[in-house]
Amino acid sequence: MASLRPRPGILEIEPYVGGKAEAEGAARVVKLSANESAIGPSPRAIEALRAAAATIHRYPDGGARTLRAAIGERFRLDPERIVCGAGSDELIQLLMRAYAGPGDEILYSAHGFLMYKLSALGVGATPAAAPERELRADVDALLERVSSRTRMVFLANPNNPTGSYLTPDELARLHAGLPEDVLLVIDAAYAEYVRRNDYTSGLELVDRADNVVMTRTFSKLFGLAALRLGWLYAPAAVVDVLHRVRGPFNVGTPAQVAGIAALEDLNHQDRSLAHNDLWLPWLAGQLGALGLTVHPSIANFVLVEFDRDGSRTAAAASAWLEDRGILARPMAAYGLPQCLRISVGLEAENHAVVATLGELMA
Ligand SMILES: Cc1ncc(COP(=O)(O)O)c(C=O)c1O
């Protein structure tokens with residue numbers, strides 16, 4: 001008798017394991033495992049969410065018109081070329097569904113964001129990873145790996161979990177080396193945190209090419225991770241395709257109104273950024289002073305390297321922290337079993353993780 005089976009590729013997916021939110025036995029948890037906003041959501045977003053509660057019996061505006069207009073105004077983009085999604089995760093999946101399938105390859109760098117591999121498998125496509133150089137995407141290695149089967153190249157810039165980034169010149173070189181029928185997806189989930197002159201989220205590349213898309217999220221600096229809200233900026237033809245494959249109401253009203261309010265709250269964004277500006281270097285410096293290798297990051301987290309064996313491995317450090325109510329993110333799934341990723345938290349949380357790791361290292 002024939003048994004029920006999913007499409008090829010699905011059973012190869014190791015379900016995505018998000019950053020832990022609970023530590024057994026701990027009354028208070030310090031959650032530094034998911035790169036969320038340290039300071040929380042904008043009060044104006046909370047207010048907008050409350051106000052929207054009375055109308056949740058109505059379907060949302062399926063076109064997210066007001067939200068797209070607000071994003072367009074803020075980032076000086078044509079709202080017609082913006083597509084919103086239930087987190088940038090959904091947008092990554094929609095791109096996969098629209099442009100890849102069995103026999104196609106999806107390319108990314110070795111320690112790139114995990115969803116590229118998982119969502120490629122989800123559509124039966126073949127994931128392909130190009131080696132990195134010192135935990136940085138390597139343009140030449142990526143281009144070498146492009147074949148006639150390659151349909152899309154995903155690049156997180158800055159990358160999660162390494163915190164590293166490519167410069168505008170490197171991005172342009174990557175794009176220039178790709179065939180015109182290969183889509184370059186620049187995932188700029190952490191763009192709002194970046195304070196570098198030699199960085200771009202890729203907007204201008206989208207403007208001058210037919211095969212470049214940039215994705216963004218409200219889950220990080222804007223502090224709306226639970227609402228699931230992301231957006232992308234794409235050539236008109238890609239936008240048209242995505243509107244055909246997305247669900248008609250893929251972004252709920254609470255997410256839309258909170259997103260608009262968060263965008264308008266410049267003061268909250270300034271506070272969020274100032275907090276990161278202060279605590280990212282502090283965290284990196286303090287962890288480095290404990291004798292740990294901290295990889296340079298321009299986002300809201302640091303990647304920390306531990307011993308490969310002995311009593312101070314990343315696994316031991318993770319357990320040590322968790323026993324004390326502090327959650328960091330183990331990195332084995334990213335091919336970095338010697339590392340933990342630690343998000344920038346509130347002042348007391350940052351002090352707690354440094355002090356607790358200090359006890360382990362002493
Ligand atoms: C590089 C990168 N892209 C996308 C996402 C997904 O974000 P969202 O919450 O918008 O789905 C994350 C989340 O951690 C990320 O690190």
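Residues numbered from 1 in each chain as written. Predicted model: local features only at pLDDT ≥ 70, side-chain atom pairs only at ≥ 80, totals over all residues. Heavy atoms only, no water.

Chemist: Would you mind going over the overall build of the protein in detail, with residue names and values included?
Modeler: In terms of regular secondary structure, the protein is built from twelve helices and 13 strands. For 362 residues, the compact-globule estimate of 2.2 N^0.38 gives 21 Å, and the C-alpha radius of gyration of the protein, at 20 Å, lies within 12% of that figure. Oriented by its inertia axes, the alpha-carbon framework of the protein measures out at about 60 × 55 × 50 Å. Across the 362 residues of the protein, 56% fall into the buried class. Nonlocal contacts in the protein, meaning residues at least 24 apart in sequence, comprise 74% of its contacts between residues at least 6 apart. Both charge centroids of the protein, one from 35 positive and one from 42 negative side chains, sit 4 Å from each other. (Helix = DSSP H or I, 4+ residues; strand = E, 2+ residues; numbered from the N terminus. Rg over C-alpha atoms; globule rule 2.2 N^0.38 Å. Buried < 20%, exposed > 50% of the residue type's maximum accessible area, 1.4 Å probe, protein only. Contact = heavy atoms within 4.5 Å. Lys, Arg positive; Asp, Glu negative; His and termini not counted. Charge placed at Lys NZ, Arg CZ, Asp CG, Glu CD.)

Chemist: Account for the site of the ligand, naming residues and giving values.
Modeler: In the neighbourhood of the ligand, 13 residues make up the surrounding shell, with Ser88, Asp187, Thr217, Ser219 and Arg228 lying closest. Ser88 places a main-chain nitrogen or oxygen 2.6 Å from an oxygen atom of the ligand. Here Tyr190 contributes a side-chain N or O atom positioned 2.7 Å from an oxygen atom of the ligand. Its free accessible area being 400 Å², the ligand has 94% of it covered by the protein chains. Looking at which element gives the most residues to the shell around the ligand, the answer is helix 3 (residues 87–99), with three residues. Taken together, the residues of the shell around the ligand break down into four nonpolar, five polar and four charged. (Near = heavy atom within 4 Å. Polar contact = N/O pair within 3.5 Å; in protein donor to acceptor, adjacent residues only side chain to side chain. Areas by Shrake-Rupley, 256 points an atom, 1.4 Å probe, with all protein chains shown as cover. Nonpolar A, V, L, I, M, F, W, Y, C, P; charged D, E, K, R; others polar.)

Chemist: So what's going on with the sheet that holds strand 8 (residues 230–233)? Which residues, and what values?
Modeler: Pairing is mixed across the open sheet formed by seven strands, whose spatial order is 2-8-7-6-5-3-4. Unpaired on one side and paired on the other, strand 2 (82–85) and strand 4 (126–130) mark the two borders of the sheet. Here the strands of the sheet are splayed against their neighbours by 25 degrees on average, with no regard to which way each runs. Relative to strand 8, strand 2 is paired through four bridges, and the arrangement is antiparallel. (Pairing = 2+ DSSP bridges. Axes fitted to C-alpha atoms, helices over the stretch in contact; angles between N-to-C directions.)

Chemist: So, the packing of aromatic side chains: which residues are in play, and what are the values?
Modeler: Evaluated as defined, the whole model comprises nine aromatic pairs. On the basis of an interplanar angle of 75 degrees and a centroid distance of 5.1 Å, the ring pair of Trp279 and Trp282 is categorised as edge-to-face. Of this pair, Trp279 and Trp282 both sit in helix 10 (residues 266–289), three residues apart, which is roughly one turn of the helix. Residue classification places Trp279 among the buried residues on the basis of a relative accessible area of 8%. In this structure Trp282 comes out as partly exposed when scored by relative accessible area, which is 22%. One aromatic cluster in this structure is built from Tyr108, Phe113, Tyr116 and Phe154. Lying over the aromatic face of Phe75, Arg216 brings its terminal NZ or CZ to 4.8 Å of the ring centre. Seen from the ring of Trp320, Arg324 lies directly overhead, with NZ or CZ sitting 3.5 Å from the centre. (Phe/Tyr/Trp six-rings, centres within 6.5 Å; stacked < 30°, edge-to-face > 60°. Lys NZ or Arg CZ within 6 Å of the ring centre and 35° of its normal.)

Chemist: So what's going on with the packing of helix 3 against helix 4 (residues 115–122)? Which residues, and what values?
Modeler: Two elements in contact, helix 3 and helix 4, have axes whose closest approach is 9 Å; the angle formed by their N-to-C orientations is 40 degrees. One element, helix 3, and the other, helix 4, form an angle in the oblique class. Handedness of the helix 3/helix 4 crossing: right-handed. From helix 3, Asp89, Ile92, Gln93 and Met96 reach across to helix 4, where they touch Met115, Tyr116, Ser119 and Ala120. Of the residues in the contact of helix 3 with helix 4, the class split is five nonpolar, two polar and one charged. (Parallel < 35°, antiparallel > 145°, perpendicular 65-115°, else oblique. Left-handed = near helix turned anticlockwise from the far one by under 90°.)

Chemist: So what about helix 1 (residues 43–52)? Which residues, and what values?
Modeler: For the α-helix, the turn length of 3.6 residues means that residues three or four positions removed from each other point alike. Those residues of helix 1 lying buried are Ala45, Ala48 and Ala52. The buried residues of helix 1 occupy an angular sector of 60 degrees when the element is viewed end-on, so they sit on one face. Set apart from the buried face of helix 1 by more than 90 degrees, the exposed residues are Glu47, Arg50 and Ala51. At its buried positions, helix 1 is contacted by helix 9 (253–264). For helix 1, the capping residue at the N-terminal end is Ser42, with a side-chain oxygen 3.0 Å from the backbone nitrogen of Arg44. (Arc of directions from axis to C-beta.)

Chemist: Could you give me a rundown of unusual backbone geometry, with the residues and numbers involved?
Modeler: Excluding glycine, a negative phi dihedral is what most residues carry, and trans is how most peptide bonds are arranged. Cis geometry is found at the peptide bond from Asn157 to Pro158, where omega equals -5 degrees. Within the fold, Pro158 resides in the loop between strand 5 (150–156) and helix 6 (168–176). Of note in this structure, Asn35 is not a glycine but carries a positive phi near 55 degrees. For Asn35, the position within the fold is in the loop between strand 1 (30–31) and helix 1. According to the relative accessible area criterion, Asn35 is buried, its value standing at 0%.

Chemist: Could you give an account of the pairing of strand 10 (residues 301–305), with specific residues and numbers?
Modeler: Counting buried residues along strand 10, four of its five residues qualify, which places the element largely inside the surrounding structure. Taken together, strand 9 (residues 293–295) and the strand that follows it, strand 10, pair antiparallel across an intervening segment of five residues. Pairing between strand 10 and strand 13 (residues 339–343): five bridges, direction antiparallel. The residue bridging Val302 from the neighbouring strand is Ile342, located in strand 13.

Chemist: Describe the sheet that holds strand 9, listing the residues and the values that go with them.
Modeler: Taken in spatial order, the four strands line up as 9-10-13-12 in an open sheet, and their pairing is antiparallel. With partners counted over all chains shown, the strands left at the sheet margins are strand 9 and strand 12 (329–330), one partner each. As paired elements, strand 9 and strand 10 share three bridges and run antiparallel to each other. Counted as the bridge partner of Thr293 is Glu305 from strand 10. Sheet strands touched by helix 10: strand 9, strand 10 and strand 13. Its angle to strand 10, the strand with the most contacts, is close to 10 degrees.

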